[in-house]
Each structure stands twice: as structure tokens, then as C-alpha cells.
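Geometric and topological summary
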Amino acid sequence: METESEPYVRLATLRQLHRVVADLNTARSLADTLQTVVDGIVVGLGYELACVNLVRPDGDLVVAAFAGDPAAEALITGRVGSRASWERRLTMGENWDGLRFIPHTEGWILMEDDVPQWHTDGPDPRFEDEWHPEDRLYAPMYASGGELLGVISVDRPRNGRRPGAWGREALQMYAFQAAIAISNARLRANMQRALVRLEREQQALRASEESFRQAFEYAPSGMAIAEMGGDQHGRLLRTNDALCRLLGRPASVLRRYSFSDLVHPEDIGTLLRTSAEGGRAELRLGRRDGTYVWVSLRNSVVADAADGPRFLLTHVEDIEERKRHELQLAHRASHDSLTGLPNSAELRSRLGARLCRRPQSVRATAVEALDAAFEGRDGHDGRAVHDGYEVRAEAGGAGEHGFQADGPDRYTGSDPFEFPGAPVTAADGPYDHHVHTVAPATDIDDGTKGLAVLFCDLDGFKSINDRFGHHTGDAVLIEVARRLTRGVRDGDTVARLGGDEFVVLADGLGAADAADLAVRLRNAIIPPIRVDGRAVRVGASFGIGWASCGMSADEVLRSADQRMYIEKRSRSKAHRRAG
């Protein structure tokens, strides 16, 4: 009878299988899919109890869905069994074409493992194929790559018997379709999470771009984005309103330029170093009206993960006021506060910049010194004798040499390369590429041009200060400074050394030129000076000194000061009195 009804059983089972498999494809989420799997087993495959043990990311299996008994569902749903325990179960018992059946005669040893399980009551089987309450039947589910997705566990067939060949095949087919449905549900869940994450990232990106746009456009200081690399390196791609106002150019015009087109010619090197390395620089940028403004440039390299650096984000800050203040401070530090002339420190700096430690009479070279030292001193063995000799040369203009063997430059003989006339090395001073300053040999004009240092001391100034007060004295000093400045060339320096002493540096003069300049400046000072409706007069004594390499700035000033006192004493007091 069972054999005759088997085709009808198969047909009914196929219909039920088709219906429950169709239900698998209607589930929307992974949780719905898992519940549909166990409900389909109870409804369509003829088992009273079914559950799905799903593999977690850590490899263990969790009871994810249960159907058939609410009490058992509440007991074991969410509980976890270790992967090792499950692998042990799936390797023991009987293999039913992919299913794993563990009869009650073997399953007793599994009672103490950590796999979640339920227990059903019932009588012992009376027939060989009758289902025992402690029988276990598992249907493993595998992904397309052979990875274990989970295990379906069933219990208590409604007919009370172990499934036959067709029942086993139906359960195996259903497990295969369930694995596909679970994989698709996971894929949909992953896609949904990815879409949600992507949408959040896009929202964050849009918010970030909007924040950057507002920060860029409405920044109180200039901002620019410039191209980096390639033929268009440095070309401005985008500028904000603050930079346009600073440079007096609209954004459409600025996009035609690069910073190298706008920078001051003297600052192009600074700009190129800053563009290549990033960082900060202070330089001048050209305005539309042709003037330049001091700015602080700070570059940040905007990198692309795939292509490397692509853009330069440049912050341009107007530092014109700060630079003006710095220049004012520097001017105050180097100039006299009363007259506005360079002060003593600035005078010594300018004078020292023209001098080096190499003397005006350049020492002989090594070969020349040896030739002079050993000339006429050959001994019997042909070797030179140099005990107690003295060789002298008259000091003259530049290019003549002086040498004294027993003087401070005496040759000791300890080093064959140690000569008193050897060229001075870099350690001795910055002589290379230096135009040496020379002085005329005498006060008679021999055509030699040099740097004249005119030391001026006012005559009669103290009496004006004592009689009329410091206010009048200050006014006299200011007027004398103005007259001296007006009486020299543009490239000359007029400095106030202190008190009523002034110094004039005039380059390219001969002895007669310097004397003539001193006379003209004295004549410019002598005319009366009106202060508060009162006319006062001062005289001036000038001493002319000459700067030359080998002297220090103080030595040059001391020499001019001494000549001034000689000149002052040479004139009668009547000629020097004024006021």
C-alpha cells in the first residue's frame, strides 16, 4: 500500500516544497528569511519542530530562528554553540546524502556538549524505522564557495517515522534553497548597510564641502587654490573675495595669473621655495594700481590618494601694518630720534661693511716672499741661509708689498707653507669678491679715489644750549642735519655721532674733492639759523679721514676725529666763535 501511494506522496510533497520555497524569496530581511525557513519546514515538510543555527563572524553557531514549540523557542533562541562541538556532530552518525542523522543509540554522548538542544518525551520505538525522542537530524547549509552558513535541525516527524529516501531528498533540496535565500538576504543586508553608510558619508562630504566653501568664501583674510605640478603649476584656480579686495582685482582676472606673476621680483625665490615645499613665507604681491602689499603666505598641499599632490591651498594674510611697524622700529633703532639721521651704530655698520681686515698694502705672495728673502743668501752647499736677515719694501698704493723677516710676521721655518706674505685665507676675512677700500697716500691729490670720512664738530653750540635752552639747541641740530644732507650726494651718508658731532661718508673722492666738500659743508652751516624769531649761528670744524681695508670702523672714526681737533686748534678762537 505504501509503495502504491508513494507517487501521490511525492506529488504532494513537491507542491508543499514549491510553496515554501516560494515563500523564502518573499522575505525582506535576514531575520524574516530565517524565520521563513523554519516555518516552511514545520508547514511543508512534515516536522513538528525546526530551528536554524546560523554561523556568526567568529565561527560559532547561534540559534537564530525556531518554530513549532513556543516554550522551546524561548529556551534556546539566541544561545550559542561552539564551532568545535558542531563539527563533532556533523562528522559522527549516519550520512544521508548530505544530511547527518545521529540515532539515539549514539547521541547520548552529546548530552553534555555546549550545543543548544531541547528534549522531547515519548515512548521507545516499536519498529526499526520509528522516530525516537533522542534522535537528531541535521541539514547543513553551504554557500556557493563551500563555506558553512548554518545548520537546520529538525525533530518529531508527524508520521512518527524516520524520513525515507524521498523525505530526505526533500529536506536536502530545501536546505539548498534555504542556503541560497540566506546568502541573498545577507547580501541585501550588506548592500543596505553599505547604501546607508554611503549616504551618510555623502551627507558628511556635502556638509564638509559646504563648510569648506563657506570658510573659504567668507574668510576675513585671502584664500586661494592653485594648481600644483604640470605646465600650469601655480595658476590660480579659485580665490575668495578677501583676496580680490586685497589685490584690487576681480576673481575672473586673478584666474589668469599665478602667484609668480604677482610677486615682487625680489621675492620670487622665496615664493618658489615655499610653493615647492609648502610652509610659510612673507613676501610682496602686486596690486592693480601698481603698488605692492606685504603678505604672509601659508601653503598647504591638498593630496589625492591615487595621484599624489594636486593642489596648493594658500592662505594670504595682509601684514602691511606689521611690516610698516617693523620698519619703523628698525628705523628707530638705527637712526637718531631728533634729526632722523643714521645714528652711531648704523654709521659703524655702514662703514664696517666697506672694510675687511686685509691691509691696504697687500702682503707678498708666497713665491714673492721667498724670492725676496733668499735673494743673495746662498751658502756653499747651494742652500739659502736666512739667519738675521731683513728685507723691506716701501709701502705704496694698492699692489705694493711690505715684508719684514724679523718683525711680527717673521717666518719661523717650522712649516714650509707658512709665509709672512702668504695669501690671506677665508678665515682671515671676506676678501674674495670684495672691492678693497684704499686711501690716498698723502693729502696731495695724486688721483687716488677713496672713501672720505668727514668728522664735523659744531663750534659755539654749547653756548647756544646754555643761553637759550635745549629747545633751541635741538632746533639748531635739526637744521644743521638738514643743511648737511642737502649738501651731499644721494649715495653719501650723513650721520649724527652724538651731541653736536656729525660724520659724512663720501665715496669716490680724491684728497682735493674731500677738502672742497668740507669747505662747502662748513659754508652751508655758517648762515644764521632762526629759532622762535631769534637768529643764532654756529660754526663747524671738519677733520678728513680715509677708510681703508685693514682698519676697523672705530680706527677710521678716531683718525678723522684727531684730524678734526688738529684743524680746530689750527684756527683762532675768533674764527671758530659763532652765535
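Residues numbered from 1 in each chain as written. Predicted model: local features only at pLDDT ≥ 70, side-chain atom pairs only at ≥ 80, totals over all residues. Heavy atoms only, no water.

1. Section: the side chain of Asp 457
Defined as follows: Here a strand is any run of E in DSSP of at least two residues, a helix any run of H or I of at least four, and the numbering for each starts at the N terminus. Burial classification: accessible surface area is computed with a 1.4 Å probe over protein chains only, and a residue below 20% of its type maximum counts as buried, one above 50% as exposed, and the rest as partly exposed. Here a polar contact means two N or O atoms within 3.5 Å. Within protein one must be a hydrogen donor candidate and the other an acceptor candidate, and residues neighboring in sequence count only if both atoms are side-chain atoms. The criterion used for residue contact is that any of the two residues' heavy atoms lie within 4.5 Å.
Relative to the helices and strands, Asp 457 resides in strand E13 (residues 450-459). On the basis of relative accessibility, which here comes to 9%, the residue Asp 457 falls in the buried class. Only 2.9 Å separates the side chain of Asp 457 from the side chain of Lys 568, close enough to count as a polar contact. Beyond its immediate sequence surroundings of up to four residues, Asp 457 is in contact with Asp 500, Glu 501, Gly 539, Ala 540, Ser 541, Met 564 and Lys 568.

2. So, the nonpolar core
Worth spelling out the cut-off: Take the buried residues of types Ala, Val, Leu, Ile, Met, Phe, Trp, Tyr and Cys, join any two whose side-chain atoms come within 4.5 Å, and each joined set is a nonpolar core.
In this structure, Leu 137, Ile 152 and Tyr 174 are the most contacted members of the largest nonpolar core, which totals 35 residues. At the level of secondary structure, the elements contributing two or more residues to this core comprise helix H1 (2-24), helix H2 (30-44), strand E1 (47-55), strand E2 (61-67), strand E5 (99-102), strand E6 (136-142), strand E7 (148-157) and helix H6 (165-217). Ranked by residue count, the leading element in this core is H6, at eight residues. Leu 137 has contacts with Tyr 47, Trp 96, Leu 99, Arg 100, Phe 101, Trp 131, Ile 152, Ser 153, Val 154, Pro 163 and Leu 171, leaving out every residue within four places of it along the chain.

3. With respect to the sheet that holds E6
Selection rule: By this definition, two strands are paired if DSSP reports at least two bridges between them. Lines fitted to the C-alpha atoms define the axes, with helices restricted to the stretch that makes contact. Angles between their N-to-C directions range from 0 to 180 degrees.
Ordered in space as E3-E2-E1-E7-E6-E5-E4, the seven strands form an open sheet in which the pairing is antiparallel. Two strands lie at the open edges of the sheet, namely strand E3 (80-81) and strand E4 (94-96), each paired on one side alone. Here H2 sits on the sheet and contacts E1, E2 and E7; the angle it forms with E1, its principal contact strand, is near 150°. Strands E1, E4, E5, E6 and E7 of the sheet are contacted by H6, whose axis makes an angle of about 40° with E6.

4. Focus: H2
We count it as follows: Each residue after the first adds 1.5 Å to the expected span of a helix.
For H2, spanning 15 residues, the distance from its first C-alpha to its last is 20 Å, which sits close to the expected 21 Å at 1.5 Å a residue. Gly 46, located one to two residues past H2, shows a positive phi value of around 85°.

5. Some remarks on the sheet that holds strand E18 (residues 539-547)
The antiparallel open sheet is built from four strands, whose spatial order is E14-E15-E13-E18. One side of each edge strand has no neighbouring strand; the edge strands of this open sheet are strand E14 (493-498) and E18. Put simply, the sheet's adjacent strands are angled 25° from each other on average, direction ignored. One ladder, built from nine bridges, connects E13 with E18; its direction is antiparallel. Note that in E18 the partner of Leu 451 across the bridge is Ala 547.

6. Some details on the packing of aromatic side chains
Basically, it comes down to this: Ring pairs are drawn from Phe, Tyr and Trp, using the six-membered ring of Trp, whenever the two centres fall within 6.5 Å, and their geometry is named by plane angle: stacked under 30 degrees, edge-to-face over 60, tilted for the rest.
Inspection of the entire model under this criterion finds four aromatic pairs. The interplanar angle of 10° and the centroid separation of 4.5 Å between the aromatic rings of Trp 96 and Phe 101 together place this pair among those described as stacked. Trp 96 gets classed as buried once you look at its relative accessible area, which sits at 8%. The buried category is assigned to Phe 101, whose relative accessible area is 0%. Taking 5.8 Å as the distance between ring centres and 35° as the angle between the ring planes, the aromatic pair formed by Phe 212 and Phe 216 counts as tilted. Residue Phe 212 and its partner Phe 216 are located together in helix H6, separated by four residues, close to a single helical turn. Residue class for Phe 212 comes out partly exposed when judged on its relative accessible area of 34%. By relative accessible area, Phe 216 is classed as buried at 1%. Pairwise contacts between aromatic rings join Trp 96, Phe 101 and Trp 131 into one cluster.

7. Some words on the pairing of E13
Most of E13 is tucked away, with 10 of its 10 residues classed as buried. Looking at chain direction, E13 and strand E15 (residues 501-509) are connected through seven bridges and run antiparallel. Within E15, the residue paired with Ala 452 across the bridge is Ala 506.

8. A closer look at the confidence of the model for the chain
Under the convention used in this document: The score called pLDDT rates the predictor's confidence residue by residue, from a low of 0 to a high of 100.
Across the chain, the average pLDDT comes to 80, with 80% of residues at or above 70. pLDDT under 50 marks residues 372-432. Its contacts with residues more than four places away, or in other chains, come to 75 contacts.

9. Quick word on unusual backbone geometry
A positive phi angle is found at Asp 97, which is not glycine, with a value near 50°. Here Asp 97 is to be found in the loop between E4 and E5. Non-glycine residue Arg 156 carries a positive phi angle of around 55°. Inspection of the secondary structure puts Arg 156 in strand E7. Residue classification places Arg 156 among the partly exposed positions, given a relative accessible area of 29%.

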